[in-house]
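Fold and geometry: a report
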Amino acid sequence: DAGVIQSPRHEVTEMGQEVTLRCKPISGHDYLFWYRQTMMRGLELLIYFNNNVPIDDSGMPEDRFSAKMPNASFSTLKIQPSEPRDSAVYFCASSPGAEHTYEQYFGPGTRLTVT
Amino acid sequence: AQTVTQSQPEMSVQEAETVTLSCTYDTSESDYYLFWYKQPPSRQMILVIRQEAYKQQNATENRFSVNFQKAAKSFSLKISDSQLGDAAMYFCAVVRVTYKYIFGTGTRLKVLA
């Protein structure tokens with residue numbers, strides 16, 4: 001398996017623009033997670049899905065952030081409008097959910113810079 | 001609320017020596033899982049080792065082992081025969097059956113040649 005795939009790897013945008021980050025989980029994994037990593041706040045869980053349904057979005061910082069999972073093989077995290085404080089590395093991770101192993105497998109991350 | 005504390009922001013170890021990274025956590029749950037993840041400069045998060053809280057036996061994966069003290073809520077990672085490729089940030093994490101991970105702030109490990 002190719003692992004969790006994220007695109008783009010790097011994104012530079014101007015304040016006020018819409019940003020869309022994409023994720024393809026490992027095939028057969030029932031859970032998908034979006035994280036944000038910054039120096040100040042460390043690794044934060046933003047939202048996670050089970051079988052394409054959002055389960056917990058309490059970590060989404062504000063209404064400018066939205067996430068969707070239209071099918072089992074694709075998810076997006078959208079920021080509209082973007083702000084400089086959104087600059088971070090965004091990780092997508094997936095988990096098989098089988099046998100309650102709770103192991104998560106991370107993608108390579110998207111480094112977002114908002115100027 | 002769950003918390004995970006890694007009190008060592010940075011550690012150094014000589015190549016081929018052994019180093020232990022500390023992690024303590026706080027949870028009121030009885031059923032949970034503990035993980036160590038490694039993040040090298042490439043920033044890819046890599047699973048190192050897993051421990052189920054209901055198991056008394058400490059997990060081991062090759063040169064990596066844990067010292068799990070459930071009563072003390074401690075979960076340290078021991079790296080034996082350290083190699084240059086072990087240099088990375090190491091994150092401790094706890095997860096309940098809800099799948100919601102709580103990560104520590106990380107320990108940066110430097111391996112000296």
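Quick notes on the nonpolar core
Judged by nonpolar contacts, the single largest core of 25 residues is most densely connected at W36, F75, L77, Y90 and L109 of chain B. Residue assignment for this core shows that the elements contributing at least two residues are β3 (19-21), β5 (32-39), β6 (46-52), β8 (64-69), β9 (74-79), β10 (88-96) and β12 (107-112) of chain B. Among the elements that line this core, the one with the most residues is β10 of chain B, at four residues. Among the nonpolar cores identified, the runner-up in size contains 22 residues, and F33 and A93 of chain A together with F35 and F103 of chain B belong to it.

Things to note about the pattern of salt bridges
Residue and element names in this part refer to chain A. All told, the structure shown has 16 salt bridges over all chains when counted by the stated rule. Here E18 and K78 are joined by a salt bridge, their closest N and O atoms 3.9 Å apart. You can see E18 sitting in the loop between β2 (10-13) and β3 (19-24) and its partner K78 sitting in strand β8 (residues 74-79), a full 60 residues away along the chain. Overall, E18 belongs to the partly exposed group, its relative accessible area being 45%. Of the residues examined, K78 reaches a relative accessible area of 29% and is grouped as partly exposed.

So, the layout of surface pockets
Volume-wise, the largest pocket comes out at about 570 Å³. Around the largest pocket sit 21 residues that line it, and Q37 and M39 of chain A together with Q39, M89 and R108 of chain B are the ones nearest its centre. If you list the elements that add at least two residues to the lining of the largest pocket, you get β4 (31-38) and β9 (88-95) of chain A together with β10 and β12 of chain B. For the lining of the largest pocket, the residue count by class is 11 nonpolar, five polar and five charged. If you add up the space inside the second largest pocket, you get close to 230 Å³. Around the second largest pocket sit 14 residues that line it, and L43, E44 and L45 of chain A together with I102 and F103 of chain B are the ones nearest its centre. Counting only elements with at least two residues in the lining of the second largest pocket, the list comes to β5 (42-50) of chain A together with β11 (101-103) of chain B. A total of four residues in the lining of the second largest pocket trace back to one element, the largest contributor, which is β5 of chain A. Here the residues of the lining of the second largest pocket are counted per class, giving six nonpolar, five polar and three charged.

Regarding the sheet that holds strand β1 (residues 5-7) of chain A
Residue and element names in this part refer to chain A. Within the open sheet, the four strands sit side by side as β1-β3-β8-β7. Their pairing is antiparallel. For this open sheet the edge positions go to β1 and β7 (65-71), each flanked by a neighbour on one side alone. Direction aside, neighbouring strands of the sheet carry axes that sit 15° apart on average. Where β1 lies against β3, three bridges are found, and the strand directions are antiparallel. Within β3, the residue paired with Q6 across the bridge is C23.

Points about the interface of chain A and chain B
Taken together, the 27 residues of chain A in the interface contact 18 residues of chain B. Of the roughly 2000 Å² buried between chain A and chain B, counting both surfaces, carbon and sulfur atoms make up 54%. When the buried surface of chain A facing chain B is broken down by residue, L43, Y102 and F106 of chain A rank first, second and third, together holding 34% of it. Between E103 of chain A and R50 of chain B there is a salt bridge, with its nearest N and O atoms 2.8 Å apart.

Let's talk about the state of the cysteines
Across all of its chains, the model carries two disulfides over all chains by this definition. The side chain of C23 of chain A participates in a disulfide bridge whose partner is C92 of chain A; the two sulfur atoms lie 1.9 Å from each other. Disulfide C23 of chain A-C92 of chain A: the torsion about the S-S bond is -65°, which places it as left-handed. Residue C23 of chain A is found in strand β3, and its partner C92 of chain A is found in strand β9; the two are separated by 69 residues along the sequence. You can call C92 of chain A buried: its relative accessible area is 0%. Across a sulfur-sulfur distance of 2.0 Å, C23 of chain B and C92 of chain B are joined as a disulfide pair. Negative torsions about the S-S bond denote left-handed disulfides, and the value of about -70° found for C23 of chain B with C92 of chain B makes this one left-handed.

Calculation criteria
Residues numbered from 1 in each chain as written. Chains lettered and ligands numbered in written order. Predicted model: local features only at pLDDT ≥ 70, side-chain atom pairs only at ≥ 80, totals over all residues. Heavy atoms only, no water. Core = buried A, V, L, I, M, F, W, Y, C linked by side-chain atoms within 4.5 Å. Buried < 20%, exposed > 50% of the residue type's maximum accessible area, 1.4 Å probe, protein only. Helix = DSSP H or I, 4+ residues; strand = E, 2+ residues; numbered from the N terminus. Salt bridge = Lys/Arg side-chain N within 4 Å of Asp/Glu carboxyl O. 1 Å grid on protein atoms, 1.4 Å probe; cavity = no way out; pocket = protein on both sides within 12 Å on 5 of 7 lines; lining within 4 Å. Points joined across faces, edges and corners; volume = space filled by probe spheres on them. Nonpolar A, V, L, I, M, F, W, Y, C, P; charged D, E, K, R; others polar. Pairing = 2+ DSSP bridges. Axes fitted to C-alpha atoms, helices over the stretch in contact; angles between N-to-C directions. Contact = heavy atoms within 4.5 Å. Buried area = accessible area lost by both parts, 1.4 Å probe. Disulfide = S-S within 2.5 Å.

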